[in-house]
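# Working through the structure, step by step
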Amino acid sequence: MADTSRIQYVILNGVLKLSGQVRYQDRDLRLALMKLIQVPQHQVCLDLVEIPSLCSPEMQFVTKMAQLARDHGKFFRVRLSKTLRAMFKDLELEGLVEIEEVEARKSRVPGVRRSRPPAVPK
């Protein structure tokens with residue numbers, strides 16, 4: 001039986017935001033990361049804040065993507081949930097991947113920075 005579940009992603013301003021179940025062999029994941037590498041921004045970010053956990057192959061995949069981004073002249077960083085940040089630290093992967101610290105805010109999705117819409121002139 002084929003696995004029809006797919007990750008969902010959005011690329012905006014050099015940030016690839018993932019949601020859903022992340023599997024390193026997922027074609028859509030690889031496609032999304034390749035699109036991220038091709039954005040014009042020098043600094044790119046893989047946002048995994050909404051991903052509750054990663055298995056070892058997915059964590060290794062993230063470190064390989066960081067290296068690929070560097071090979072393409074990009075500064076690659078990763079936004080992680082508190083749980084994933086602890087896992088990366090415990091596994092001593094912090095030196096292989098630049099981890100972006102995000103602040104959790106009450107009444108909003110933790111770790112997601114939001115901006116106000118521009119004021120509409122009256």
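Scope of this entry: the structure provided in the associated data block. These numbers come from a predicted model, not from an experiment.

Before going further, it helps to examine the overall build of the protein chain. Summing up its helical and strand segments, the protein chain has three helices and five strands in all. Starting at the N terminus and ending at the C terminus, the protein chain contains elements arranged as β-β-α-β-α-β-α-β. Put simply, the protein chain has 122 residues, and 38% of those count as buried. For the protein chain, the share of sequence-separated contacts (at least 6 apart) that also reach a separation of at least 24 residues comes to 57%.

Following the criterion strictly, the structure yields five salt bridges and no others. Residue Glu100 pairs with Arg77 through a salt bridge whose shortest N-O separation is 2.3 Å. Of the two residues, Glu100 is situated in strand 5 (residues 98-100) and Arg77 in strand 4 (residues 75-80); the sequence distance between them amounts to 23 residues. Put simply, Lys17, Asp47, Glu50, Arg77, Arg79 and Glu100 are held in one network by salt bridges that share partners.

Running from amino to carboxyl end, helix 1 (residues 27-37) crosses helix 2 (residues 56-71) at an angle of 25°, the nearest separation of the two axes being 10 Å. Classified by the angle their axes make, helix 1 and helix 2 are roughly parallel. Considering how the two elements wind past one another, helix 1 and helix 2 form a crossing that is right-handed. Seen from helix 1, the contacting residues are Leu29, Arg30, Leu33, Met34 and Ile37; seen from helix 2, they are Phe61, Met65, Leu68 and Ala69.

The next thing to look at is the sheet that holds strand 1 (residues 8-12). With mixed pairing, the five strands of this open sheet are ordered in space as 1-2-3-4-5. The two strands at the open ends of the sheet, each matched to only one other strand, are strand 1 and strand 5. Recorded for the sheet is a direction-independent mean angle of 25° between the axes of neighbouring strands. Across the sheet, helix 1 touches strand 1, strand 2 (15-19), strand 3 (43-48) and strand 4, and the angle it forms with strand 1 is around 5°. On top of the sheet, helix 2 reaches strand 3 and strand 4; it is set at about 155° to strand 4, its chief contact.

Here strand 4 lies mainly inside the structure; five of its six residues are buried. With six bridges joining them, strand 3 and strand 4 adopt parallel strand pairing. When the sheet's bridge partners are listed, Asp47 is paired in strand 4 with Arg79. Handedness of the crossover joining strand 3 and strand 4 through helix 2: right-handed. Here three bridges tie strand 4 to strand 5, and the two strands are oriented parallel to one another. Its bridge partner being in strand 5, Arg79 is matched across the sheet by Glu100.

Counting residues in hydrophobic clusters, the biggest one holds 29 residues, and the most contacted among them are Leu18, Leu46, Leu48, Leu54, Phe76 and Phe88. Per-element accounting of this core gives the leading share, six residues, to helix 2. Among residues more than four places away in sequence, those in contact with Leu48 are Leu18, Leu54, Val62, Val78, Arg79, Leu80, Ser81 and Leu84.

Calculation rules
- Residues numbered from 1 in each chain as written.
- Predicted model: local features only at pLDDT ≥ 70, side-chain atom pairs only at ≥ 80, totals over all residues.
- Heavy atoms only, no water.
- Helix = DSSP H or I, 4+ residues; strand = E, 2+ residues; numbered from the N terminus.
- Buried < 20%, exposed > 50% of the residue type's maximum accessible area, 1.4 Å probe, protein only.
- Contact = heavy atoms within 4.5 Å.
- Salt bridge = Lys/Arg side-chain N within 4 Å of Asp/Glu carboxyl O.
- Axes fitted to C-alpha atoms, helices over the stretch in contact; angles between N-to-C directions.
- Parallel < 35°, antiparallel > 145°, perpendicular 65-115°, else oblique.
- Left-handed = near helix turned anticlockwise from the far one by under 90°.
- Pairing = 2+ DSSP bridges.
- Right-handed = clockwise from strand over helix to strand, strands pointing away.
- Core = buried A, V, L, I, M, F, W, Y, C linked by side-chain atoms within 4.5 Å.

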